[in-house]
Amino acid sequence: MNENKVLQQSFYVFLIGCILFSILSFVISDISYVIGFILGYIINVGVFLLIMKMSSEILAMKSSSILIAMGFILKLLMYSLGFYLAVKLSWINIIGVFFGYLITKITIYIGGYIYKGGEGRG
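Note that this is a predicted model, so its numbers are computed, not measured.

Undergrad: How would you sum up unusual backbone geometry? Please name residues and give values.
TA: Despite not being glycine, S29 shows a phi value in the positive range, around 65°. Within the secondary structure, S29 sits in the loop between α1 (3–28) and α2 (32–60). Given a relative accessible area of 66%, S29 falls into the exposed group.

Written out as structure tokens, the structure is:
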């Protein structure tokens, strides 16, 4: 499964997560879970795009190691921004942000389970 397919399929996992967090928000009467989940997914997609760019730069040997290190620091700053906003703003829930961060990882695991090591099925 290539990166573009992961991004495409992560949107479907995101929609399922939005439905689940919407049900949770309805039961608890607090929409901050859905907002946190959406924020976490947006940051996660940005980080995944940064990982794709860094990987292509590493494989092409176009960048120096300092630029790669700066990319890793930028990833950490993006993740910390989401958690910082969740802590400081009451209308963003940190649990939703955390699960939003996991969407591409969950998508990769689901894809690995469906394809079982090959690209033939699905």
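Undergrad: An account of the packing of α1 against helix α5 (residues 103–115) is requested, with residue identities and associated values reported.
TA: For the pair α1 and α5, the least separation of the axes is 9 Å and the interaxial angle reads 105°. One finds that α1 runs roughly perpendicular with respect to α5. Contacts between α1 and α5 involve K5, V6, Q9, S10, V13 and F14 from the first element and I103, T104, I106, T107, I108, I110 and Y115 from the second. Residues belonging to the contact of α1 with α5 are distributed by class as follows: eight nonpolar, four polar and one charged.

Undergrad: So, the packing of aromatic side chains: which residues are in play, and what are the values?
TA: The description of two aromatic rings rests on the distance between their centres and on the angle between their planes. Taken as a whole, this structure holds nine aromatic pairs when the rule is applied. Plain terms: the ring middles of F21 and F99 are 6.0 Å apart, the flat faces sit at 50° to each other, and that makes the pair tilted. Separated by 78 residues along the polypeptide, F21 in helix α1 and F99 in helix α4 (residues 94–101) bring together distant segments of the chain. Members of the aromatic cluster, joined through ring pairs, are F11, Y12, F14, F21, F37, Y41, F98 and F99.

Rules behind the numbers
- Residues numbered from 1 in each chain as written.
- Predicted model: local features only at pLDDT ≥ 70, side-chain atom pairs only at ≥ 80, totals over all residues.
- Heavy atoms only, no water.
- Helix = DSSP H or I, 4+ residues; strand = E, 2+ residues; numbered from the N terminus.
- Buried < 20%, exposed > 50% of the residue type's maximum accessible area, 1.4 Å probe, protein only.
- Axes fitted to C-alpha atoms, helices over the stretch in contact; angles between N-to-C directions.
- Parallel < 35°, antiparallel > 145°, perpendicular 65-115°, else oblique.
- Contact = heavy atoms within 4.5 Å.
- Nonpolar A, V, L, I, M, F, W, Y, C, P; charged D, E, K, R; others polar.
- Phe/Tyr/Trp six-rings, centres within 6.5 Å; stacked < 30°, edge-to-face > 60°.

Keep in mind these values describe shape, not function.
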